Structures are given as C-alpha cells and as structure tokens.
Amino acid sequence: MRKITVIPVALTVAAVMATAACGNTSATASAPGKAPAVAADAVQPAKAGRLSVWKSAELGPVVTDGAGFTLYRFDQDSANPPTSTCVGDCAAAWPPVLAGDAAAGRGLDTALIGSVKRADGSLQLTLAGWPLYRYAQDTAPRQTRGHGVGGTWFAAAPDGTKARAGAGTAETPPPSGAAAPKALPALSTVKDEEHGTIVRDGKGRTLYRFTKDTAWPMKSNCEGGCLELWKPAKLVDKKDVKGIDPKLLIPLKRPDGTEQLTLDCWPLYWYTGDKKPGDTSGHGVNNTWFTVRPDGKLAK
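These numbers come from a predicted model, not from an experiment.

Trainee: If you had to explain the overall build of the chain to someone new, which residues and values would you point to?
Mentor: Scanning the chain from N- to C-terminus turns up three helices and 23 strands. Expressed as a percentage of the 300 residues in the chain, the buried residues total 40%. A separation threshold of at least 6 residues defines the contact pool for the chain, and within that pool the share at least 24 residues apart is 68%. With an accessible surface of roughly 16,400 Å², the chain has 56% of that area assigned to carbon and sulfur atoms.

Below is the structure:
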C-alpha cells in the first residue's frame, strides 16, 4: 500500500503565517533615503602630520595625528616584519595613515617612526613597526571609539604597544545599601537623542540592521569576518518584550545552525564597538549598519 503523509494543520498554518508576515515587507526592504554606500576604494587614507601624545583619562597616553585624531593598531597586522592586512572594506572603516608628512612631536621617539608599503604602493605610517590607522567613527579629535573593536583594534601608546587603562579609572562602587539597577526586559525600546526611539536588548545594547541582509527571503549576509564585529542577536522570550509587537519577532536559522532574532523579518545584531549600554557608535558604519525602530525600519 502507498504511504500517505499527513501534515499537521497547525504547523502548516503557523508556517504560512510566518512566511506571509515576512512577505509583506517589500515596503521596508530598502534603506531610507540616504547617500549610496561608499566604495572601499573611494576612501582616502589619512595624512599623518605632526604626531603627538595626549593622556586619555580612560586609556592613558595615546598617539594622535596632526589633526588630533587617535591612531590605532590592528592585531592581525605584524610589526616584525611590518605588514598591513587591512584592505578593501576594512580600510573603509579604518583608513590607513600615510607616512609622507609624518613628524614625531613631543613624547614620541623619532626612531620608532617608520613606514610600510601597502598593496597599492602607498607608504603607510608605522610606530615600532605597527601600521597605524584612523577609525572612521571617530568624528572629532581625541575620541577613542575604535579602542577594543572586535577585540583586535586598539589605540596606540607612544611606544607602539596597545594603550591601556590608567590608574584611578575603576568605577566607583554604589553606596552601601543602594538599590540594584532594575533589570531590563529581554527586548525593549529606548529614546535616543540622535536617532529617536530605537531597540535594545536585555543588556542595554543597541541593536542594528544590515542593509545587505534581506527580509524576503529572510537572510543574513553577515558572515566570516563580519561576525567578529557584529554579533547576531539571540532569541528572546516574547513575554519579556516591551514596546515591540511580539508578532514581529521571528527566529532565523543561520548556516551554522544557530538561531538569530529578527524584527519584521530583518536580522538583528549588536556591535562590539559599542563600549557601554546605550552607545550607538555602529549607526552609519560603512553606510550599511543602522539602529532599528520598533517596527523594524531603519532609524534615520
């Protein structure tokens, strides 16, 4: 006799409903009006100028370029021999610093200043052999938003080592008998002064969308090296959600078998470059990463 396979009606209906929900996102599939993404080869390297040292309250002595911007080193490079491995999209986020007009200012040893030839033939500044970079998300002098990103990028100290937290920077413990901070819901919203109402996870971390992902079909295109900086958001208990419609939360199975949280079928991530709860330094990175509204749309 021929076997007849019976598919449970409830399962079929649930699958259809999830598919339909993700199929109705064509209106939100494209990013809001914004400039096109900057091509990696269009990013201009930074000029070194007269290097100097400033004392960060958090990191101690930090090297800056002639414009006062913090300079960084990359763990995947090498100092002996000097080698730069940051190219393409990496160089878009971390512009290499050119060595042509470099000069050692006060607090720097001229003998430690050098250069390394990049794949495109340009000469990149080195400090104690380590190639130096700016961080595109540092928008003003003496910012250190790039320190610790991905666990591989660090502000450079005057001797070429990684800048480290100085003495007396430990957090002050709360007064005796003070109430513990109230726990956040697993997923909630917060009013951000710059981006409006955006989504955060249970640890207070801002969640982001990647414009190279798709909602229909529901797919994450952040793989390989991308996952070193952008971590997939984990599934949450829909009963522990505030300010967001639980019906918009659907799991996505990634190629490695793990499940990622999506909002209105868009995969969600948190950014390793955000140093503390409430940070939004990932917004606008490479013009492809943006904070998220409660309805799943990109925050402008």
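Trainee: Would you mind going over the packing of aromatic side chains in detail, with residue names and values included?
Mentor: Scanning the entire structure with this criterion turns up 12 aromatic pairs. When the centroid spacing of 6.2 Å and the interplanar angle of 75° are considered together, the rings of Tyr72 and Tyr135 count as edge-to-face. A residue pair is termed long-range when its members are at least 10 positions apart, and Tyr72 in strand β4 (residues 72–74) and Tyr135 in the loop between β11 (130–131) and β12 (153–155) qualify at 63 residues. One exposure class covers both Tyr72 and Tyr135, and it is buried. One aromatic cluster is present, formed by Tyr72, Phe74, Trp94, Tyr133, Tyr135 and Trp153 through successive ring pairs. Taking NZ or CZ as reference, Arg205 lies 4.0 Å from the ring centre of Trp270, over its face.

Trainee: So what's going on with the state of the cysteines? Residues and values would help.
Mentor: Following the criterion strictly, the structure yields two disulfides and no others. Two residues, Cys86 and Cys90, share a disulfide whose sulfurs are 2.0 Å apart. Torsion about the S-S bond of the Cys86 and Cys90 cystine: about -110°, corresponding to left-handed handedness. Taking relative accessible area as the criterion, Cys86 reaches 0% and is therefore assigned buried.

The rules we used
- Residues numbered from 1 in each chain as written.
- Predicted model: local features only at pLDDT ≥ 70, side-chain atom pairs only at ≥ 80, totals over all residues.
- Heavy atoms only, no water.
- Helix = DSSP H or I, 4+ residues; strand = E, 2+ residues; numbered from the N terminus.
- Buried < 20%, exposed > 50% of the residue type's maximum accessible area, 1.4 Å probe, protein only.
- Contact = heavy atoms within 4.5 Å.
- Areas by Shrake-Rupley, 256 points an atom, 1.4 Å probe, with all protein chains shown as cover.
- Phe/Tyr/Trp six-rings, centres within 6.5 Å; stacked < 30°, edge-to-face > 60°.
- Lys NZ or Arg CZ within 6 Å of the ring centre and 35° of its normal.
- Disulfide = S-S within 2.5 Å.

Just distances and angles here, no functional claims.
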